[in-house]
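Each chain, written out:
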Amino acid sequence: VANHVEYVFRVIHASGSSWKVQWRYSDLSAAHMQLSRALDGLPPFPSKGLPGLGLFLGQEFVVQRGAALQRYFDGALARDEVAQAPGFQSLLGLRPPDAVASVRVRQWTMGSSGTSASLDLDA
């Protein structure tokens, strides 16, 4: 990508699943503007900086902006109403699971802590 920088973020879900999302600063800024109309409590978005600053500072600017974006996401995710908002989850690449078409019990297990089942789910 020659004319712009794409920031790659690794998203780790509470379930332990992880994936990467990749965004340009301008796309993140536009998403923040749209989300801020619907959500209270979003942290301030990192400033764009002065024109040409990225060319002057080069990789250092990219690293600094990446750190600022990380602080933005950390601050946003610290607020449940933001973290649970569908628009913010979409920005993080979180999608609802496919609808389940069928369920088959593979195995029942009875133990001292109760009964559990191993299931096969077909989407």
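The structure this text deals with has already been given above.
For clarity, every value in this text was computed on a predicted model and none was experimentally measured. (Residues numbered from 1 in each chain as written. Predicted model: local features only at pLDDT ≥ 70, side-chain atom pairs only at ≥ 80, totals over all residues. Heavy atoms only, no water.)

**Things to note about the nonpolar core**
Ranked by size, the top nonpolar core spans 21 residues in total, and within it Phe9, Leu28, Leu42, Leu69, Phe73, Phe88 and Leu91 carry the most contacts. Of all the secondary structure elements, the ones that give two or more residues to this core are strand 1 (6–12), helix 1 (25–38), helix 3 (59–77) and helix 5 (86–91). (Core = buried A, V, L, I, M, F, W, Y, C linked by side-chain atoms within 4.5 Å. Buried < 20%, exposed > 50% of the residue type's maximum accessible area, 1.4 Å probe, protein only. Helix = DSSP H or I, 4+ residues; strand = E, 2+ residues; numbered from the N terminus.)

**Describing the packing of helix 1 against helix 3**
One way to put it is that helix 1 packs onto helix 3 with a least axis distance of 12 Å and a crossing angle of 25 degrees. What the angle tells us is that helix 1 and helix 3 run roughly parallel. Helix-helix and strand crossings are classified by hand; for helix 1 and helix 3 the assignment is left-handed. Residue-level contacts link Tyr25, Leu28 and His32 of helix 1 to Arg65, Leu69, Tyr72 and Phe73 of helix 3. (Axes fitted to C-alpha atoms, helices over the stretch in contact; angles between N-to-C directions. Parallel < 35°, antiparallel > 145°, perpendicular 65-115°, else oblique. Left-handed = near helix turned anticlockwise from the far one by under 90°. Contact = heavy atoms within 4.5 Å.)

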